[in-house]
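A structural walkthrough
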Amino acid sequence: PRCPDGYTCVSYSPTDEVCELNGSDNGDRPDGGNTGGGGDAGPVVCNNDSEIEPNNSVNDPTLTTIPNISDNYKLVGLAICPGTDEDFFRYEIDVAGKNSRVDVTYNPAQGELAMDLLNSNGVSIAVGQPAANDPNILRIDVPNMPQGVYFVNVRSAAGAQNNYSIEILTSN
């Protein structure tokens, strides 16, 4: 994928390429099992996602590459820190009828996160729910979306700090 400034494309397999914050290592990934919010429920050491901040509102979101470069967008090494932080990501549906899936991967034992899909007016149209086979993933699936601008809002459900990754996918 094409990565934003401050991120590097890292290939984990021929089909799994992600943008990672420059200078981070596997331990800073939400699924890395290290200080970045992995395995146990010890204190959260917040990932440094300052390269995408501020992205605290629909007026100042992180701009994704959807649909201009790709139909998917993935970032790892993100954080909701402090617990009042909110992160917003903007993407577009360029052709009516596309499907949209958003996955936020995190460690719920560190503190619950919440996610909403918002329309261009900032109104929630879908709420993230735990994925059927993986409670570490909050998922939003919306089929047959109208053409337009959309935002994903990630935040703490109860003021907790947590690290996470996000993947936004669109498909026909």
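Refer to the structure printed above.
Residues numbered from 1 in each chain as written. Predicted model: local features only at pLDDT ≥ 70, side-chain atom pairs only at ≥ 80, totals over all residues. Heavy atoms only, no water.

1. Notes on the pattern of salt bridges
Across all of its chains, the model carries six salt bridges by this definition. Between K98 and D71 there is a salt bridge, and its shortest N-O distance comes to 3.3 Å. In this pair, K98 is assigned in strand β6 (residues 98–106) and D71 in the loop between β3 (62–63) and β4 (72–80), connecting sequence segments 27 residues apart. Between D103 and R139 there is a salt bridge, with the nearest N and O atoms lying 2.7 Å from each other. Residue D103 is located in strand β6, and its partner R139 is located in strand β10 (residues 134–145); the two are separated by 36 residues in the primary sequence. The exposure class assigned to D103 is buried, which follows from its relative accessible area of 9%. Each of D71, D94 and K98 takes part in one network of salt bridges that share partners. (Salt bridge = Lys/Arg side-chain N within 4 Å of Asp/Glu carboxyl O. Helix = DSSP H or I, 4+ residues; strand = E, 2+ residues; numbered from the N terminus. Buried < 20%, exposed > 50% of the residue type's maximum accessible area, 1.4 Å probe, protein only.)

2. A closer look at the state of the cysteines
A full pass over the atoms with the stated rule returns one disulfide. Here C46 is linked by a disulfide to C81, with a sulfur-sulfur distance of 1.8 Å. Its S-S torsion of about -80 degrees marks the bond between C46 and C81 as left-handed, since a negative value means left-handed. Here C46, found in the loop between β2 (16–21) and β3, pairs with C81, found in the loop between β4 and β5 (86–93); they are 35 residues apart in sequence, far enough to count as distant. (Disulfide = S-S within 2.5 Å.)

3. Observations regarding the pairing of strand β11 (residues 148–156)
Relative to β11, β5 is paired through eight bridges, and the arrangement is antiparallel. In the sheet register, D87 faces β11, and the bridge partner there is V154. As defined by bridge partners, strand β7 (residues 113–118) adjoins β11 across six bridges and the pair is classed as antiparallel. For L117, the partnering residue across the bridge sits in β11 and is V152. (Pairing = 2+ DSSP bridges.)

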